[in-house]
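One letter stands for each residue in the lines below.
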Amino acid sequence: WYQRRVRGKSKHCPYLDTIQRSILDFDFEKVCSISLSNLNVYACLVCGKYFQGRGKNTHAYTHSVHDDHHVFLNLHTLKFYCLPDNYEIIDATLEDIKYVLKPIFTDEEIKSLRQTHKICRALDGTSYYQGIQGLNNIKANDYMNVILMSLCHVTPVREFFLNEANYSKIKLPPGSIMYPLVQRFGDLVRKLWNPRNFRSHISPTKCYKLLLSAVRRSSSSLNRVIRFHFCRGC
């Protein structure tokens, strides 16, 4: 045990049974709940909150000591850590959490969606059809949810965005919002078609906030702008 701890990794973490999968929600911005920074952010797998850092005096470290929460996931590297001991956790039982955060589809799985729509089951026992899940209504954005759902079911669009390699290396001019918009829409498509979701609903928060920051208008004006462009595009 001591030698494994020295190397910084362990296959035996005594706190894995404290993980609360039912409250984990990866649909929101990956920013620290205290500093609001998007650098080096970890999700506490016990309470679901996001915190920055892992070393001493960081928000994640302080949270682990103060609240007695020990299992964290780096939202960028997808590695699990135990704090405040600060060692990486290697355990196959955590793969389902990693898959919910970043679903991956093979070419065979993508093609199979043309013919089959299997029934899936969330952690709370709720059943849902793969690709047909509830989209949260953030702020009277039901019109956008309808169009997003429709786009996710257009076969060429779905098959393109389910394979992240198709757009992960797109090069655009600095400051362009198209790349993050493509990335976030791709995240939404993959999560919508994920057969292993913990919940039967997801949130389009990232897409909505990106449009909000890009247009930089009041919410009512933004709604009219998005409604016009979305409907014109369809």
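Preceding this paragraph is the structure being described.
What you are looking at is a predicted structure, and each value in this text was computed from that prediction instead of being measured.

Criteria and cut-off values
- Residues numbered from 1 in each chain as written.
- Predicted model: local features only at pLDDT ≥ 70, side-chain atom pairs only at ≥ 80, totals over all residues.
- Heavy atoms only, no water.
- Helix = DSSP H or I, 4+ residues; strand = E, 2+ residues; numbered from the N terminus.
- Buried < 20%, exposed > 50% of the residue type's maximum accessible area, 1.4 Å probe, protein only.
- Patch = residues over 30% accessible without salt bridge, like charges linked within 9 Å, V, L, I, M, F, W, Y side chains within 5 Å.
- Areas by Shrake-Rupley, 256 points an atom, 1.4 Å probe, with all protein chains shown as cover.
- Salt bridge = Lys/Arg side-chain N within 4 Å of Asp/Glu carboxyl O.
- Contact = heavy atoms within 4.5 Å.
- Pairing = 2+ DSSP bridges.
- Arc of directions from axis to C-beta.
- Phe/Tyr/Trp six-rings, centres within 6.5 Å; stacked < 30°, edge-to-face > 60°.

Asker: Just checking my understanding: could you explain unusual backbone geometry for this structure?
Answerer: The residue after L83, namely P84, is reached through a cis peptide bond having omega 5°. For P84, the position within the fold is in the loop between β5 (80-82) and β6 (87-89). Phi angles above zero are rare outside glycine, and L36 is one such case at about 65°. With respect to the helices and strands, L36 occurs in the loop between β1 (9-10) and β2 (41-44). Taking relative accessible area as the criterion, L36 reaches 64% and is therefore assigned exposed. The phi dihedral of D68 falls on the positive side, at around 60°, and the residue is not glycine.

Asker: Even after reading the chapter, I still don't get a nonpolar patch on the surface, so can you show me in this structure?
Answerer: The grouping of I119, Y129 and I132 at the surface amounts to a nonpolar patch, some 320 Å² of accessible area in total. Here I119 lies in strand β7 (residues 119-121).

Asker: What am I meant to see in the environment of V41 here?
Answerer: Take V41: it is sitting in strand β2. Classification of V41 as buried rests on a relative accessible area of 0%. Sequence separation between V41 and A60 is 19 residues; the distance between their C-alpha atoms is 8.5 Å. The residues touching V41, leaving out its near neighbours within four places in the chain, are K30, V31, C32, Y50, F51, Q52, L73, N74, L75 and H76.

Asker: Even after reading the chapter, I still don't get the side chain of S64, so can you show me in this structure?
Answerer: With respect to the helices and strands, S64 occurs in helix α2 (residues 59-67). Beyond its immediate stretch of four places on either side in the chain, S64 contacts H69, H70, F72, L83 and P84.

Asker: Got a minute to help me understand the pattern of salt bridges in this structure?
Answerer: In a structure, side chains of opposite charge can pair up when their charged atoms sit close to one another. This model, assessed by the stated rule, comprises nine salt bridges. For K102, the salt bridge is made with E164, and the minimal N-O distance between the two is 3.6 Å. Of this pair, K102 sits in the loop between α3 (95-101) and α4 (107-112) while E164 sits in the loop between α6 (155-162) and α7 (178-192), placing them 62 residues apart in sequence. The partly exposed category is assigned to K102, whose relative accessible area is 34%. Overall, the relative accessible area of 22% leaves E164 in the partly exposed class. For R114, the salt bridge is made with E159, and the minimal N-O distance between the two is 2.5 Å. Here E159 lies in helix α6 and R114 lies in the loop between α4 and β7, a separation of 45 residues in the sequence. Taken together, the shared-partner salt bridges in this structure form one network comprising K102, E164, D187 and R190.

Asker: I would appreciate a short explanation of the pairing of β2 in the present structure.
Answerer: In summary, the side chains of a regular strand alternate between the two faces of the sheet. Alternating residues of β2 divide into V41 and A43 and Y42 and C44, and every residue in both groups is buried. A loop of five residues connects β2 with strand β3 (residues 50-52), the two strands running antiparallel in sequence, and G48 in this loop sits at a positive phi of about 85°.

Asker: How do you make sense of α2 when you look at a structure like this?
Answerer: Structural remark: α-helix, 3.6 residues per turn; residues separated by three or four positions point the same way. The set of residues buried in α2 consists of A60, Y61, H63 and S64. Within α2, the buried residues cover an arc of 165° as seen down the axis, which keeps them to one side. Structurally, α2 contributes buried residues whose contacts are with β2, β3 and β4 (71-74). In the stretch just after α2, D68 is the one whose phi turns positive, near 60°.

Asker: Can you walk me through the packing of aromatic side chains in this structure?
Answerer: The geometry of an aromatic ring pair is captured by two quantities: the separation of the ring centres and the angle between the planes. Tallied over the full model, the rule gives five aromatic pairs. A ring pair is formed by Y42 and Y81, whose centres lie 5.9 Å apart and whose planes are at 75°; its orientation type is edge-to-face. Highlighted residues: Y42 in strand β2 and Y81 in strand β5, separated in sequence by 39 residues. Exposure remark for Y42: the relative accessible area of 2% places this residue in the buried category. Ring geometry for F161 and F185: centres 4.9 Å apart, planes at 90°, overall edge-to-face. Residue F161 is located in helix α6, and its partner F185 is located in helix α7; the two are separated by 24 residues in the primary sequence.

Interpretation note: all reported values are geometric properties and have no functional meaning in isolation.
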